[in-house]
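What follows is each chain in one-letter form.
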Amino acid sequence: MATVHKINEDLVKERQKCTFNVQELTYLLDGGEEVTKERREFENILRNVKELQDEVPEVYLSHKERYENAVRKTCILQNVRNDFEKKREVLSPRNIFRAGYAVIKDVSPFFLHNGMFVPTIIGQGTPEQQAEWLPKAKAMAIIGTYAQTELGHGTFIRGLETTATYDAKTEEFILNSPKVTSYKWWPGGLGTTVNHCITVAQLYINGKKYGIHPFIVQIRDLETHKPLPGIKVGEIGPKMGFATANNGFLGFQNFRIPRKNMLMKNAQVLKDGTFVKGMNEKLTYGTMVMVRVNIVSDSAFHTAMAATIAVRYAAVRHQSQLKAKEPEVQIIDYLTQQHKLFIAIATSHAFSNTYTWLYQAYLKVVEDLGKQKQDHLPELHALSCCLKATSSRDAGVIVEQCRLACGGHGYMASSNLPIIYGYTTAAITYEGEHTVLLLQTARYLMKAWMSALEGKVLAPSVAYLVDWLKSDKQRWQNTPEVIVKGFQHVAAGKIKDAFDAIQKHVKAGKDYEDAWNLASVQLIKASEAHSRAILCDGYLRETVRTSSSVSPSLAKVLNHLVQLYIVYWTLETAGDLLVYSNIGKDDIAVLKEKYEELLALIRPNAVGLVDAFDISDEILQSTLGSYDGRVYERLMEEAMKSPLNKEPVNQSFHKYLKPFIKKAKL
Ligand SMILES: CCCCCCC/C=C/C(=O)SCCNC(=O)CCNC(=O)[C@H](O)C(C)(C)COP(=O)(O)OP(=O)(O)OC[C@H]1O[C@@H](n2cnc3c(N)ncnc32)[C@H](O)[C@@H]1OP(=O)(O)O
Ligand SMILES: Cc1cc2nc3c(=O)[nH]c(=O)nc-3n(C[C@H](O)[C@H](O)[C@H](O)COP(=O)(O)OP(=O)(O)OC[C@H]3O[C@@H](n4cnc5c(N)ncnc54)[C@H](O)[C@@H]3O)c2cc1C
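Residues numbered from 1 in each chain as written. Chains lettered and ligands numbered in written order. Predicted model: local features only at pLDDT ≥ 70, side-chain atom pairs only at ≥ 80, totals over all residues. Heavy atoms only, no water.

### Remarks on the site of ligand 1
The test is simple: A cutoff of 4 Å decides nearness: a residue is near a molecule or strand if any of its heavy atoms lies inside that distance of it. A 3.5 Å cut-off defines polar contacts: any pair of N or O atoms within that distance qualifies, except that in protein one atom must be a possible hydrogen donor and the other a possible acceptor, and neighbouring residues in sequence count only when both atoms are side-chain atoms. Using a 1.4 Å probe, accessible areas were evaluated by the Shrake-Rupley method; residue-level cover was limited to the displayed protein chains. A helix here means a DSSP run of H or I that spans at least four residues, while a strand means a run of E at least two residues long, and both kinds are numbered starting from the N terminus. Domain ranges listed in this record stem from an automatic or a database domain assignment.
Around ligand 1 there are 28 residues in total, and Thr155, Lys282, Tyr285, Arg443 and Lys447 lie nearest to it. Tyr285 is positioned such that a nitrogen or oxygen atom in its side chain is 2.5 Å from an oxygen atom of ligand 1. Contact distances for ligand 1 include 2.9 Å between an oxygen atom and a backbone N or O atom of Gly432. For ligand 1, the accessible surface in isolation is 1,200 Å², of which the surrounding protein chains cover 84%. For the shell around ligand 1, the secondary structure elements donating two or more residues are α6 (111-124), α8 (286-316), α10 (377-405) and α12 (434-453). Here the element with the most residues in the shell around ligand 1 is α8; it accounts for five residues. Looking at which domains feed residues into the shell around ligand 1, each of domain 2 (115-278) and domain 3 (287-460 + 478-611) supplies at least three.

This is how it looks when you write it as structure tokens:
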């Protein structure tokens with residue numbers, strides 16, 4: 001039986017100070033009591049699976065051992081999940097996502113199977129193709145990944161070099177990787193795990209190029225797992241993080257697949273080689289839109305993990321005296337520490353709230369596309385790009401800030417902050433590089449501005465441009481609603497400036513594309529400002545909406561958090577607000593005081609707020625952030641697991657140090 005330890009006294013006191021019902025907030029964040037119960041039940045089952053307990057911490061394993069251990073545990077996890085789902089309902093994707101961390105400790109080699117392979121079959125396959133592949137994929141009789149990026153191209157996917165040439169005689173596609181730069185590079189699980197993948201390749205029929213399309217390709221023998229003839233596949237080696245994701249490379253040499261393996265929900269190739277265009281060629285990019293939406297939710301969770309670790313640690317850690325003769329203070333009582341940490345809590349809430357409405361918008365577009373309607377697709381694309389870019393970037397900054405807030409101990413692998421940073425920072429690049437996605441949104445914003453100038457009706461997320469053109473700037477008030485309008489004014493002003501900059505370059509004789517490049521720093525700034533306005537507006541609206549359905553004590557705390565988020569970003573972007581809105585120096589001075597007041601109001605609830613994220617110790621994997629706050633004991637216990645502490649004298653002493661020291665004495 002596991003030993004039950006006493007909870008750290010500071011944490012006990014912190015929990016007593018809390019002014020709201022922690023459980024109520026957990027239910028709200030999870031999306032309902034039932035979801036929380038399902039999650040806890042599943043996590044509890046996993047906790048008791050003996051085979052999932054690691055004897056040696058993963059960091060001490062070799063690259064190969066770490067991977068093999070991850071595959072072993074992922075298979076157990078999948079079996080436990082299957083048993084669970086046989087008896088009860090299918091687990092929600094978010095609950096599965098969370099539980100995965102308790103088992104794998106890093107990124108699962110099956111990440112891409114569930115995250116992109118299965119969704120691409122659903123999103124890009126015809127009903128017949130779904131009937132053929134989905135049951136096998138869902139049951140994991142086949143394991144797959146999403147192979148799009150190549151050594152030579154990740155961003156510019158129209159430039160992908162893998163070819164799929166149709167042979168009407170045999171009704172097959174012939175896949176080839178003509179150059180080293182055509183090799184697929186990065187797909188998770190591709191290295192040594194998967195036997196199938198979605199390959200994105202340039203379609204050729206009778207010598208004519210028809211653009212990129214997705215194909216289902218079996219790459220390994222189902223029995224021996226050996227690469228099939230014509231396939232060259234392997235692992236790309238160690239990375240900054242993602243140690244167990246098993247990212248791989250893949251090349252094709254005259255590799256044939258049947259015609260039916262091209263996913264044909266959008267465009268089709270008929271038996272005789274006739275190409276049938278889809279409603280919109282960009283629908284081929286559909287899986288990326290879905291994953292970008294999901295990354296907003298991932299960012300919320302990673303921020304919550306880091307906040308939980310750093311806030312609990314800050315409550316337990318005492319360092320320095322505020323006043324002579326008084327005991328050393330809990331570091332959470334330093335205002336600078338609260339400044340680093342409380343924004344982490346509020347940011348996680350901002351992203352969760354944003355994900356809630358963005359996911360609904362995504363579902364609506366999917367439903368519309370089913371009816372051949374695509375009016376809202378450009379807006380969704382623009383929103384998913386800038387919100388993915390901003391949420392992943394902010395999460396990276398917040399996780400690093402939380403690490404710094406933990407001082408030296410935050411640098412320990414056992415704090416788990418380095419691993420969390422590893423997967424947070426990866427998300428800034430994958431699924432559309434940060435700058436590139438901001439520029440995609442900017443492209444939409446330029447069109448929206450043009451439409452606003454022409455007096456057209458705009459989509460809801462950019463409707464503020466019309467208001468901005470029509471009205472005089474609103475008189476400034478330090479209320480959340482007016483501040484959000486201020487963020488919209490900043491965005492509108494920057495959008496106008498970027499638009500004017502392009503026009504200026506065009507008038508000076510530049511091509512539009514060159515003018516775009518010359519204005520692109522302004523374009524990404526406009527896109528960032530738009531994201532912030534969207535985040536603040538959505539977070540505020542969702543908070544107002546939920547506040548009416550929760551207890552008054554919880555509503556008050558949620559209100560403090562949203563205000564903190566808005567005031568924090570007002571002060572961070574005060575320069576922009578001074579340029580583009582009616583805010584004055586005096587308003588900023590008042591907001592500085594307001595910010596300090598909000599920190600003080602949140603202070604008693606800080607530990608309760610991170611407890612409400614309800615992230616179990618098994619998921620957190622942190623010596624600094626565990627629920628019981630046994631920080632120092634855990635740091636020491638983990639240190640004792642180092643293989644270097646298993647023998648009184650290491651052999652290197654006899655081999656190298658001793659002779660070296662002896663020589664030095666002579
Ligand atoms: C949750 C678990 C899973 C986690 C998995 C994590 C592992 C990581 C996986 C990966 O990274 S998979 C690989 C992801 N790769 C990318 O994201 C590539 C990024 N590049 C692109 O998306 C595109 O190349 C581009 C940058 C959008 C440019 O595409 P293209 O050159 O074809 O377009 P443009 O000529 O610039 O025209 C743009 C035109 O098309 C519209 N558009 C672009 N993308 C979409 C879309 N997804 N949906 C709808 N519409 C789209 C865009 O708005 C432009 O429209 P107009 O302005 O011309 O009207
Ligand atoms: C951990 C991880 C996991 C991944 N998993 C997968 C996977 O499972 N499947 C898969 O297919 N791919 C995967 N990828 C690949 C990923 O999608 C690409 O790395 C990403 O899309 C960026 O492309 P790139 O690497 O070609 O960067 P590049 O496009 O070469 O970017 C380099 C620089 O050029 C700039 N740049 C490029 N184009 C423009 C432009 N038009 N305007 C302005 N600046 C530009 C960028 O901003 C960046 O600063 C993964 C990547 C990582 C890091």
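### So, the confidence of the model for the protein
Parts of the model with low pLDDT should not have their predicted coordinates read in detail. The test is simple: pLDDT expresses how confident the predictor is about each individual residue, on a scale running from 0 to 100.
With 99% of its residues at a pLDDT of at least 70, the protein reaches an overall mean of 96. If you check the scores for this complex, the pTM reads 0.97 and the ipTM reads 0.99.

### Details of the site of ligand 2
Counted only if it meets this: Ten residue types, Ala, Val, Leu, Ile, Met, Phe, Trp, Tyr, Cys and Pro, are classed as nonpolar, four, Asp, Glu, Lys and Arg, as charged, and the remainder, Gly among them, as polar.
In the region of ligand 2, 20 residues are neighbours, and Tyr146, Thr149, Gly154, Thr155 and Glu433 sit closest. Within the side chain of Thr155, one N or O atom sits 2.4 Å away from an oxygen atom of ligand 2. In this structure, an oxygen atom belonging to ligand 2 sits 3.2 Å away from a main-chain N or O atom of Gly188. Secondary-structure elements contributing two or more residues to the shell around ligand 2 are α11 (417-429) and α12. Per-element accounting of the shell around ligand 2 gives the leading share, three residues, to α12. Across the shell around ligand 2, the residue classes tally to nine nonpolar, nine polar and two charged. Each of domain 2 (115-278) and domain 3 (287-460 + 478-611) accounts for three or more of the residues forming the shell around ligand 2.

### As for α12
Inclusion rule: By definition here, a helix of n residues has an expected span of 1.5 Å times n minus one.
For α12, with 20 residues, the first-to-last C-alpha span of 29 Å sits near the 28 Å given by 1.5 Å per residue. Looking at where α12 begins, the residue whose side-chain oxygen comes 3.0 Å from the main-chain nitrogen of Thr435 is Glu433. Directly after α12, the chain includes Gly455, whose backbone phi takes a positive value near 75 degrees.

### Section: the UniProt feature "domain: Acyl-CoA oxidase C-terminal" (unreviewed entry) in the protein
Under the convention used in this document: UniProt positions are given in the numbering used here, feature names are shortened, and annotations may be inferred rather than shown by experiment.
UniProt feature "domain: Acyl-CoA oxidase C-terminal" (unreviewed entry): in the numbering of this structure it lies at residues 480-662. Measuring from the first to the last C-alpha atom of residues 480-662 gives 71 Å, for a span that is 77% helix and 0% strand.

### Observations regarding the pattern of salt bridges
This is how the line gets drawn: In what follows, salt bridge is the name for a side-chain nitrogen of Lys or Arg lying within 4 Å of a carboxyl oxygen of Asp or Glu. Under the scheme applied here, a residue whose accessible area is under 20% of the maximum for its type counts as buried, over 50% as exposed, and between as partly exposed, the area being computed with a 1.4 Å probe on protein chains only.
Within this structure, the stated rule accounts for 38 salt bridges. The partner of Lys37 in a salt bridge is Glu33, and the shortest N-O contact between them spans 2.6 Å. Within this pair, Lys37 and its partner Glu33 are both found in helix α3 (residues 33-47), separated by four residues, close to a single helical turn. Among the residues examined, Lys37 registers a relative accessible area of 42% and is labelled partly exposed.

### Here's the deal with the domain arrangement of the protein
Going by this rule: We call two residues contacting when some pair of their heavy atoms lies within 4.5 Å. Accessible surface is computed with a 1.4 Å probe, and the buried area is the amount of it that two parts give up when combined, taken over both parts together.
Split by domain assignment, the protein resolves into domain 1 (38-113), domain 2 (115-278) and domain 3 (287-460 + 478-611). Here domain 1 and domain 3 have C-alpha centroids that lie 31 Å from each other. Listed by partner, the interface residues are ten residues for domain 1 and nine residues for domain 3. Carbon and sulfur atoms make up 67% of the surface buried where domain 1 meets domain 3, a total of about 780 Å² over both sides. On the domain 1 side of the interface with domain 3, the three residues burying the most area are Arg94, Phe97 and Tyr101, jointly 53% of the side's total.

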